[in-house]
Amino acid sequence: MSQTSSTQQPDPSPAPQQQPAPPTPAGIAVLPLLVLLFVLVVLIIGAGLLYLTVAHPGLAVPLTVAVGGVTVILTIAGVIAAFITASRR
């Protein structure tokens, strides 16, 4: 009784590497949707302020100062965000 021993040799080809999944269409469309949402919110707020100044002309100067102040704050925040983004690259 002779037994033949067969040894299995490992497959010399490397195991297939899994590729990362491509970005989904929903993931790609997030930024444009956020920009659109921001523009719509700004337009709604602007329309409300315009209506308020037309209905109550005495509020024109205080609202102008308030909008100017918010603009300065948003500009400073944008500059800070730009510097942070540029420093990460």
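Residues numbered from 1 in each chain as written. Predicted model: local features only at pLDDT ≥ 70, side-chain atom pairs only at ≥ 80, totals over all residues. Heavy atoms only, no water.

Asks: Help me out: how do you make sense of the overall build of the protein chain in this one?
Replies: Of the regular secondary structure elements, the protein chain holds three helices and zero strands. Sequence-ordered secondary structure for the protein chain, helices as α and strands as β, is α-α-α. Among the 89 residues that make up the protein chain, the fraction classed as buried is 1%. Looking at the protein chain as shown, the accessible area adds up to about 8,500 Å², and 73% of this sits on carbon and sulfur atoms. (Helix = DSSP H or I, 4+ residues; strand = E, 2+ residues; numbered from the N terminus. Buried < 20%, exposed > 50% of the residue type's maximum accessible area, 1.4 Å probe, protein only. Areas by Shrake-Rupley, 256 points an atom, 1.4 Å probe, with all protein chains shown as cover.)

Asks: What is the right way to read the confidence of the model for the protein chain from this model?
Replies: Predicted coordinates in areas of low pLDDT are best not read in detail. On average, residues of the protein chain carry a pLDDT of 79, and 73% of them reach 70 or more. Mean pLDDT in the protein chain bottoms out at helix α1 (residues 25–28), which sits at 62, and peaks at helix α3 (residues 60–88), which reaches 88. (pLDDT = per-residue confidence, 0-100.)

Asks: Can you walk me through the environment of L63 in this structure?
Replies: Its location among the elements puts L63 in helix α3. Spatially, the C-alpha atoms of L63 and L50 are 9.5 Å apart, while their sequence positions differ by 13 residues. Excluding its chain neighbours within four sequence positions, the residues that come into contact with L63 are L49, L52 and T53. (Contact = heavy atoms within 4.5 Å.)

Asks: Is there a simple way to explain the packing of helix α2 (residues 30–55) against α3 in this structure?
Replies: For any two helices packed against each other, the geometry is given by the interaxial angle and the distance between the axes. Direction vectors running N to C along α2 and α3 enclose 155 degrees, while the axes themselves pass 9 Å from each other. Relative to α3, α2 is oriented roughly antiparallel. Contact residues: L49, L52 and T53 in α2; A60, L63 and V67 in α3. Considering only residue class, the contact of α2 with α3 consists of five nonpolar, one polar and no charged. (Axes fitted to C-alpha atoms, helices over the stretch in contact; angles between N-to-C directions. Parallel < 35°, antiparallel > 145°, perpendicular 65-115°, else oblique. Nonpolar A, V, L, I, M, F, W, Y, C, P; charged D, E, K, R; others polar.)

Asks: Which parts of the structure should I look at to understand a nonpolar patch on the surface?
Replies: A cluster of nonpolar side chains, contributed by L31, L33, V35, L36, F38, V39, L40, V42 and L43, occupies part of the molecular surface with about 880 Å² of accessible area. Take L43: it is sitting in helix α2. (Patch = residues over 30% accessible without salt bridge, like charges linked within 9 Å, V, L, I, M, F, W, Y side chains within 5 Å. Salt bridge = Lys/Arg side-chain N within 4 Å of Asp/Glu carboxyl O.)

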